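Structural features, examined
If you want the building blocks of each chain, they are given just below.
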Amino acid sequence: MRTVEEPTGISRLETELVKYHIVRRIGRGGFGEVYRAKKRETGQPVAIKVYDGKSSQEAGFEEFMQYLVFPREIFNHPGLVRTLDAGHVDGAPYTVMEWADGPCMEDLIKNHRLTWAHVKHTFSQLLRTLDHLNAHGIVHGDVSPANIVGQKLVDYDAMRFDPHYSMKVIGSPGYMAPEEMVGFKTHTTDVYHACAILYDALFGRLPDTIHDPTRANEPGAILRQLTKRTNISIPPNAPLQDRVLWQAIFENGMKADPFERLDAKSLRYAIRLAIDKEIAAGSHIIVPQYGSIAA
Ligand SMILES: Nc1ncnc2c1ncn2[C@@H]1O[C@H](COP(=O)(O)OP(=O)(O)O)[C@@H](O)[C@H]1O
Ligand SMILES: [Mg+2]
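This brings us to the site of ligand 1. Not every one of the 19 residues close to ligand 1 is listed here, only the nearest: Gly29, Ala47, Ala100, Ala146 and Asp155. A domain-level breakdown of the shell around ligand 1 finds at least three residues from each of domain 1 (10-98) and domain 2 (105-294).

Between aspartate 162 and proline 163 the backbone carries a cis peptide bond, its omega angle lying at -5°. Positive phi is not limited to glycine here, since aspartate 155 has a value of about 65°. Turning to its location among the elements, aspartate 155 is positioned in the loop between strand E8 (152-153) and strand E9 (160-161). With 24 C-beta atoms counted inside 10 Å, the residue aspartate 155 sits in the buried group.

Another point: the nonpolar core. Ranked by size, the top nonpolar core spans 48 residues in total, and within it Val191, Ala194, Cys195, Leu198 and Phe250 carry the most contacts. If you list the elements that add at least two residues to this core, you get helix H4 (105-110), helix H5 (116-135), strand E6 (138-139), strand E7 (148-149), helix H6 (187-203), helix H8 (243-253) and helix H9 (264-280). With 11 residues, the single largest contributor to this core is H6. Sequence-distant contacts of alanine 194, that is, excluding residues within four places in its chain, are made with Phe123, Leu126, Leu127, Leu130 and Val143. Ranked by size, the runner-up nonpolar core spans 15 residues in total, among them Tyr35, Ala37, Val96 and Met97.

Bringing the confidence of the model for the protein into the picture now. Confidence along the protein averages 84 in pLDDT terms, with 81% of residues attaining 70 or more. Ignoring residues within four places in sequence, the model shows residues 1-7, a span with pLDDT below 50, making two contacts including any to other chains. Confidence drops under a pLDDT of 50 for residues 291-295, and excluding neighbours within four residues, the segment shows seven contacts in the predicted structure.

We now examine the environment of arginine 243. With respect to the element layout, arginine 243 can be found in helix H8. Judged by local crowding, arginine 243 falls into the partly exposed class, with 13 C-beta atoms found within 10 Å. Between the C-alpha atoms of arginine 243 and alanine 274, which are 31 residues apart in sequence, the distance is 9.0 Å.

What counts and how
- Residues numbered from 1 in each chain as written.
- Chains lettered and ligands numbered in written order.
- Predicted model: local features only at pLDDT ≥ 70, side-chain atom pairs only at ≥ 80, totals over all residues.
- Near = placed C-beta within 6 Å.
- Domains from an automatic or database assignment.
- Helix = DSSP H or I, 4+ residues; strand = E, 2+ residues; numbered from the N terminus.
- Buried ≥ 20, exposed ≤ 12 C-beta atoms within 10 Å, placed from the backbone.
- Core = buried A, V, L, I, M, F, W, Y, C linked by C-beta atoms within 7 Å.
- Contact = placed C-beta atoms within 7 Å.
- pLDDT = per-residue confidence, 0-100.

Right under this line is the structure:
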């Protein structure tokens, strides 16, 4: 029988991090927990990520926190959040970040709550942010719907200098590019992810050619994934204004060879053009078109 009330995770955290008032837990992911909090002194909203003890003891954990060594000015960008504080609580590492306001792309896609205007604005900002990172020689490494919050790209645990190899394949299953199957990431890996998210937002599912890391252990799977042809078709029933342009966007943004892919700047230009045509034709809400893909 428990005689003394054990402090809950939140009050325990508040005892340790006295500068912050913890509002609520917002997520539990692969590496730990994320809380919404407020800086007591100023009322500034922040996100606190506490890495669980197990992952922080793993060899290579310091690598996860590597983004903390990037020059701080890089994070002074409207599409990124700044890290305000970092340390250890009960032996577990934590980081305090600026709070990103707005709905998460994952929820918007799930609930089909997307307008062309929102997609244009969000992908414009995302690709501008990727271009900014690329200009500083950095790859985000895990661009996914859960990591796009409002107009900001969060979660820098996979961030590295571009290009790089890693023995550990980190990323979000479902969005991984072919080169990631062998642990390689470069700036166009982020572009590939952005295109996969856009495809999902528009058509309600991922392209057939997406690479599946969960199958990487099957015999011959890596070779198959690496040599897969890029044949990203858009659903034949999707009511799009300029199908040729959309087709070109997905084919060139998701080329199997990362060095043949569009960069973030060109992709941003093409996407804005394509969406402007949709808006000019009077469509506002995106209705995902499922259905078969033409061979
Ligand atoms: N700075 C932030 N502002 C607002 N929400 C955030 C912030 N950082 C993370 N989140 C939310 O918490 C979730 C988990 O955080 P994340 O850093 O992505 O951890 P994980 O390692 O679990 O993917 C994100 O998907 C996002 O919804
Ligand atoms: Mg994440």
